[in-house]
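# Results of the structural survey
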Amino acid sequence: MDLKSELLKSIWYAFTSLEVEQCGKVSKSQLKVLSHNLYTALNIPHDPVALEEHFKDNNNGPVSSQGYMPYLNQYIVAKATEGTFNKEIFDELCWTMTSKKNCKPSSYKGLCSQRDCFKLFCLFNLLSEDRYPLVIIQPELEYLLKKILCAMNQEWDGTLLDDLLSQNSALQDGMSIWEFLEHLSAGRLLHVENKEAFSLAVDDVFMEMYHNIIKKGYLLKKGHVRRNWQERWFVLKPCSLTYYVSEDLKEKKGEIPLEEGSVVENLPDKEGRRCLFCVKTALRTYEMSASNLKQRVDWMQAIQTVFRLRAERKSSLHYDLKLNRRKQRETFQRSQSNQSSNNEPIADEKQPSAPEQQGETESLDQHIESIIQREVEAKRKEEEKHEREQLQAVQNDLRKQLEEANEARDKMAATLTEMEKEVQQQKKKISELELTQQKLEEALNTQIHARMEEDKVRHELERQLAEEQKKLAELLLLQGQMVTPAVRSQEEVPPQDSASTLIPPTNQQPEESSRCDAGVRGNEEVEQALPTHDPPTTFSPTQPNNQPAEESSQQSTEELGTQSTATLILKQWKIQLNRLMKPITPGDRVEHLPVKPTCPRQGQALTSTEFITKVQTGITQEKGNSFNPSQLQEEEG
């Protein structure tokens, strides 16, 4: 069917939907709106000047189809070019305009949905006769219903259609689109149990006949660069073979141009692939693999059909089939008319031989029918044998795949068991590591607390040591200040007899001599710190006056007492200092020094003022207990 005839059929429905009172005429304003919509749908530039000039006559009334047809042919249909617009959108525009007025609501409530009605409208226009009003005759209607049932995998049963035509004789000359939709939706043409299956079947037939899809399905294709096999969804049209990732047609992967000079050939099995064939074009060769032999034959025959259509300059397979069916009907009608015209005079001349002719005709028909039945039976047996072989091959493949799947499942089960064991072992190790980590964290926290305590004790000992060193420095300073006046007083004393100096009084206390011995055995550092004294002079018995000797011995005794006291105090502080200077190691228990009961602050270190006061008090008491010659004389007296 040429493009002009297809467009005029849809425009005719749009025009008749605008008729005023069914008079066959449409107002000019409505025709202007329709023309603008047609310009937009056909992707044609608008020409408002030509539209105004065409309708500027004095007649202000409505325009008939004969008055609108010249403008339509000249300015709209003649400018439409195939491939520059979407024909489905154009038909949907015309369907929307005419369905609102002519389609009954009952058509949408039954078997057909609104989208199904639109697709059936497009298929009806494709198969309808080229005369107006548009109708579809019985052979074309049977062809359409058979295609729908074949898509649903059902067999054709023409009893419903025969009953409908016998009940309504007006439908024998043809059925309009509205009558067709009403009877089909009401279930008077087909026995359909599943509405969804019917919608899918209508969609398949619509894609095949309306969009000129000759064949579609999955094939394995070998890559041109990577040379690997990938499964693709192929769609064969009269101009090309397009392949997509999947059947949703969302991602297009490529297109094979089926130009003149292209051929399709069988290929031997290779690389573990079967049912191979290729399409050779001028640029490259495309290798493909079908699922079985039947699919390969079907695809090769379909591609050969495309080559034949291109050679005959035809763009639609189903339009070509429609023309062939129409030619067959016309030939059959002419033969019937000729036979009827020839049989009438023969019947008049040879009336007695009519039964013999009838018998011969019946025997001939029976003979022809028997031949046809034998051929059909032979073909059926061959097809059954071929199908059995295919089923056996498929069964063998499935059995092999099942065995491989079972082996893979067993291997997977064993692998899963080993992995589960490994998982259990890893969980056990993780739990042990977590427990070890917890114990280590506890030990680390304990060690940190112990270290903090040790640092605290060490800081306290360092503070005490600093205080003791400070006190020692003050003590040494005080000792130096106390020793200096004693040395000076000794230097100022005049020399005496050695005997009087050397021999002490008899009534001297043993405590003082012991203090002197202890002072002599003091530390070398204390001896170096103390000044050296001259040896005492010998005692002279010829000394006339004993008073100076007594004063000298008393002074010497005081000096010795002072030195011994200072030596003892220094020795005690050195012992304590040596204890404090002992190296501190982590974790050692601190041993506290015993506190003397005479210490003003027991268990604590003395401040500098308290220490000086204590030392001065001790010295004063020792001075008070030292040897006094005057007291000895008083006792003797």
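Refer to the structure presented above.
Residues numbered from 1 in each chain as written. Predicted model: local features only at pLDDT ≥ 70, side-chain atom pairs only at ≥ 80, totals over all residues. Heavy atoms only, no water.

Applying the stated criterion to the full structure yields 19 salt bridges. Of the charged contacts, one joins aspartate 298 and lysine 294 as a salt bridge, the two residues approaching to 3.2 Å between their closest N and O atoms. Placement of both aspartate 298 and lysine 294 in helix 12 (residues 293–311) is noted, with a separation of four residues, approximately one turn of the helix. Overall, the relative accessible area of 23% leaves aspartate 298 in the partly exposed class. Beyond isolated ion pairs, a larger network of salt bridges with shared partners links Glu6, Lys87 and Asp91. (Salt bridge = Lys/Arg side-chain N within 4 Å of Asp/Glu carboxyl O. Helix = DSSP H or I, 4+ residues; strand = E, 2+ residues; numbered from the N terminus. Buried < 20%, exposed > 50% of the residue type's maximum accessible area, 1.4 Å probe, protein only.)

Another point: the environment of arginine 274. Tracing the backbone through its elements, the reader meets arginine 274 in the loop between strand 7 (263–267) and strand 8 (276–280). According to the relative accessible area criterion, arginine 274 is partly exposed, its value standing at 44%. Measuring from C-alpha to C-alpha, the distance between arginine 274 and asparagine 292 comes to 7.7 Å, with 18 residues separating the pair along the chain. Contact partners of arginine 274, with chain neighbours within four places excluded, come to Asp269, Ser289, Ala290 and Asp397. (Contact = heavy atoms within 4.5 Å.)

What follows deals with a negative patch on the surface. Side chains of Glu403, Glu404, Glu407 and Asp410 sit close together on the surface and give a patch of like negative charge. Turning to its location among the elements, glutamate 407 is positioned in helix 14 (residues 354–492). (Patch = residues over 30% accessible without salt bridge, like charges linked within 9 Å, V, L, I, M, F, W, Y side chains within 5 Å. Areas by Shrake-Rupley, 256 points an atom, 1.4 Å probe, with all protein chains shown as cover. Lys, Arg positive; Asp, Glu negative; His and termini not counted. Charge placed at Lys NZ, Arg CZ, Asp CG, Glu CD.)

With that settled, the discussion passes to the sheet that holds strand 5 (residues 240–244). The seven strands lie next to each other as 6-5-4-3-9-8-7, forming an open sheet whose pairing is antiparallel. On the outer flanks of this sheet lie strand 6 (252–257) and strand 7, each paired with one strand and no other. With direction set aside, neighbouring strand axes in the sheet form an average angle of 35°. Relative to strand 5, strand 4 (residues 229–236) runs antiparallel, the two sharing four bridges. Counted as the bridge partner of valine 235 is threonine 242 from strand 5. Along the sheet face, helix 12 touches strand 3 (215–222), strand 4, strand 5, strand 7 and strand 8 and points at about 160° away from the line of strand 7. (Pairing = 2+ DSSP bridges. Axes fitted to C-alpha atoms, helices over the stretch in contact; angles between N-to-C directions.)

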